[in-house]
Structure formats: structure tokens, C-alpha cells
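Spelled out, the chains give:
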Amino acid sequence: MMSAQFGLDRHLVAGLDIGNGYVKGLVAGSVNGDSVKDLIDMPSSVSLLTRPNDLPEDDALAADVFAGTSDRYSGDASGDIYNILDVSFDSDLVSNQHRYLFGARSLTADGVFYQFDVRGNKSKAEQELSKILVLGILAAKACKDVVAETGSLPVGDLSVSVRLALALPIDEFTQFRGSYAAGFMAEDHTVTLHQFVTPVTVHLHFDDVRVLAEGASAQFAINDKGVPMMEMMLSDLRQRSSDAVRASLADVTAEDVLAAKNTVGIDIGEGTVNFPVFTAGRFNPDASLTFGKGYGSVLDAALASMKARKGPGGVTSRKQLAAYITEEPSPMRRSFYNEVMRFVNEEREFFASEVAEQFGRVLSTIGAVTEVAYVYGGGANAMKEALYPHLTAKVTEMNGQFALPVLYLGSSYSRHLNRQGLFIAANAMEK
């Protein structure tokens, strides 16, 4: 732990799933000696301000802003400091000291918008955005805990030590896990919050950083959820399966599934689909693979198709499209919404077929020993109706009457599993 320079040292334990589309995180700090955990759920985007064009909050409103009771921000940013964050950096991981607006606030800010490049060949570990998001979130959490404890902004700088678990797509994990972790641990990093009239400076020191493979971390969370989750997934499977498959699963219990040691995951993210394989209870990188498309590819393709075929306009980015199709349209806009969905559903079918083919590649290597497959991830729920039939058809094609069960996690769990697994890993480091 770093030395106390300012008398306000904090310590954080964090699991951050820095997805191509969203950041899902769990960060534990302390307030008056009690552990306090924050759930992070925000778009993986920032807007760089080329000029100071925002009015800071009065210092006296700090408690309201951090508690989420400020009435200044509306919409998706309401009540969440991480989605309205305004910070700058002094770190070798960030190439400039401009101010950045985070999350939902970045989507409508007048600045230079950054999201992850899911089309190029640059690893997430190499993209500056991943470091910006990590450092900003941790600094905000430390400041939030001080304000919750004292009722006001810190007097002087904050010194914060961190134990952190992160994840990378499987193909990037094998190549970049060491350098990704080393970048955070090589030096201390300074983050300045510009939310208020008085800026707050936070110095971050990383005691330990562990990088896991995306999807593999979710397996820890699945096991941690235990029997109730398994029973839910088995019930869903039996409702959707053929009579032959239901008969083959008649005597299978949730405890049986939980005890399975040979599994494969299908982790549907925005930029990739990861297929983590576990053999005899251990992550098997030799059989695991990453497919270089994700649910974001569906949205990008739908946008391109709408433009090329003179379809509905007014949506310019995949994040805007993702937000639009999840909202119930008004009666006045129902026809427009249905036309947009026609393009999206067409691309969903194409993508589902591609994912099933990649799944077949994995099964061709380890299908004989695999006991169960799990489907989860940020894009899993949006793809369920299109993808489930393709996956079940693939296992039937390859295994006939001995088809392994494909368990689809419900939306309330699916997109958060990597976050839960990463926090389990970070907490294990702490202990």
C-alpha cells in the first residue's frame, strides 16, 4: 500500500469488465470502516473536451452528486457518478491531459467521441480508451467514498491503492495479458476530477493487477451462483428442446450440471464472441478461441444496410441504434421502428449462423468430452431468439441423440457474469 502523503489513504478491490460496448464493474471500498461496493454499468465511451465548455458543480453539492440525488443530469446519466464523470489524467497510459466526459454523458457531449475500434486489428489492451476508463472509474470511486464518509470533498489529494482484475478476449489474452497488467503497475497515475469548482486530485497505485480471459472469468461466477441458476437454465432448456432432448435430460439435476468439469462458454460481446473451454475444471487455452465479430457487428451491419438500401435514417452509431431498439416506440413511430428492426433482425440471423459455425469448430476438437455449453454475455439476450435454434441445431448435427445441453443464461445474469467473476478473482488476490 502506498504511503500516506495526505492523510486520506483509501484502498479499493475491483473487477472491471471493460467491454467493447459497456463497462460492467464491481468496485469495493470502505466508508467508516464498512465495505461498500459499487456496481458499474456504463457505455464504454468518452468524449474529449477540446475546450472547457461545462459549468462545474458547487462544492457544497458534492454529497448530492455522488449520492445520485442531484437534479442537474437527466436521462441515462441520472443518479450515477460514473456516467457523468469529468476527469483529466497525468499518466504515461494517457497521451494528453485534456478533460474527458464518461459514459452516458459522452454520448451527447460536444467533444471528440471515442469508442472501442471493433473493426481494426488493435487489441483492447493497446487502445488508450481501456486505460482511461479504468483510471477514471477507480478515482471516482475513491472520491465517492470520502464524500460519503465526510459529507464534503476531500481536503488535499487522495492516495489510493488498488487490487484489480481485468479481462481480455481469449486471443488477446494469450498475447497481451502481461503487458496490459504491467502498464498499470509500472508507475503511479494521477487523475483529476473536474466535476466541482474545486478540482479533486487522486493518485492511484496498483498493488496487483490480474488479467483473465473473457468468458473464463464468467465461469467462476456461474459456479458461484450455484444450484438456483442451474435450475433456471435447465427449465429454460427443457421448454425449448425437442422431445428427444427433453427425454435425455430427464434425470439430469442442477447439481449434476454444476459438477461438470468439461464445459464450453459462448460469451457474446460487442466486438467479439469468446469460446472459453474448460477441461477437467481448468481453463484450456489450446482449445479456446475468439471469433472476431460481436453483437456490435450486427448493429454496424444493420446501419450500413439501411444506408445502402435507402432505409430509415436518423441513427448514426451502433450505440445510438442499440439504445433505440431497446425502447418501446410510441404509436406514432411504430412503423419506423418496425422497419429498423427488419434490418436488425436480418443481420441477427446472419450473425447467429456464423456463431454456430464457430461453435462447431470448438466442438470438433473437444465435443466428445464436453458435458455442457453456456451462453452469456452482453449481447446474449439480444441474440437469443435468433441464436438458440442455430446452436441447438449444431449440437444435434454433430452429436445426434447425444447432443450436449446448451444452457442460455437469463438477461438478469448474462451480461454481468464476467464482472462477477473478475471481482471474485480480485477478492481472492486481496485475501
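Overview of the nonpolar core
Line of reasoning, step 1. Counting residues in each nonpolar core, the largest one holds 63 residues, and the members touching the most others are Leu-16, Phe-102, Leu-138 and Leu-193.
Line of reasoning, step 2. Among the elements that take part in this core, helix H3 (residues 128-150) stands out by supplying 13 residues, more than any other.
Line of reasoning, step 3. Once you skip the residues sitting within four places of it in the chain, Leu-193 turns out to touch Phe-66, Leu-85, Asp-86, Val-87, Ala-139, Ala-140, Cys-143, Pro-199, Val-200 and Val-202.
Line of reasoning, step 4. Of all hydrophobic cores here, the second largest spans 60 residues; its members include Phe-275, Ile-325, Phe-343 and Phe-351.

Details of the sheet that holds strand S7 (residues 112-115)
Line of reasoning, step 1. With mixed pairing, 10 strands are arranged side by side in an open sheet as S3-S2-S1-S8-S10-S9-S5-S6-S4-S7. For this open sheet the edge positions go to strand S3 (34-43) and S7, each flanked by a neighbour on one side alone. Between one strand axis and the next, the sheet turns by 30° as a mean value, whatever way the strands run.
Line of reasoning, step 2. Across four bridges, strand S4 (residues 45-49) lies against S7 in antiparallel orientation. Across the sheet, the residue bridging to Ser-45 is Gln-115, located in S7.
Line of reasoning, step 3. Strand contacts of helix H4 (residues 170-185): strand S8 (158-168), strand S9 (189-193) and strand S10 (200-213), with the helix running at about 150° to S10, the strand carrying the most contacts.

Quick look at the environment of Ser-91
Line of reasoning, step 1. Here Ser-91 lies in the loop between strand S5 (86-90) and strand S6 (99-102).
Line of reasoning, step 2. Taking the C-alpha atoms as reference points, Ser-91 and Ile-18, separated by 73 residues in sequence, lie 19 Å from one another.
Line of reasoning, step 3. Apart from residues no more than four positions distant in its own chain, Ser-91 is found in contact with Leu-135, Glu-187 and His-189.

Observations regarding H4
Line of reasoning, step 1. Taking 1.5 Å of rise per residue, 16 residues should cover 22 Å, and H4 covers 22 Å from first to last C-alpha, within 8% of that figure.
Line of reasoning, step 2. Roughly 70° is the biggest bend found in H4, and it falls at Phe-176.
Line of reasoning, step 3. Among all positions of H4, only Ile-170, Glu-172, Phe-173, Phe-176, Tyr-180, Ala-181 and Phe-184 are buried.

Points about the pairing of strand S2 (residues 22-31)
Consecutive side chains along a regular strand alternate between the two faces of the sheet.
Line of reasoning, step 1. Counted residue by residue, S2 has eight buried out of 10 residues, so it is predominantly covered.
Line of reasoning, step 2. Examined bridge by bridge, strand S1 (residues 10-18) and S2 share six bridges and lie antiparallel to one another. Its bridge partner lying in S2, Gly-15 is registered against Leu-26.
Line of reasoning, step 3. Connecting S1 to the next strand, S2, in antiparallel fashion are three residues.
Line of reasoning, step 4. Relative to S3, S2 runs antiparallel, the two being bridged by 10 bridges. The residue bridging Gly-25 from the neighbouring strand is Ile-40, located in S3.

Analysis parameters
- Residues numbered from 1 in each chain as written.
- Predicted model: local features only at pLDDT ≥ 70, side-chain atom pairs only at ≥ 80, totals over all residues.
- Heavy atoms only, no water.
- Core = buried A, V, L, I, M, F, W, Y, C linked by side-chain atoms within 4.5 Å.
- Buried < 20%, exposed > 50% of the residue type's maximum accessible area, 1.4 Å probe, protein only.
- Helix = DSSP H or I, 4+ residues; strand = E, 2+ residues; numbered from the N terminus.
- Contact = heavy atoms within 4.5 Å.
- Pairing = 2+ DSSP bridges.
- Axes fitted to C-alpha atoms, helices over the stretch in contact; angles between N-to-C directions.
- Expected span 1.5 Å × (residues − 1).
- Bend = angle between axes of the 7 residues up to and from the residue.

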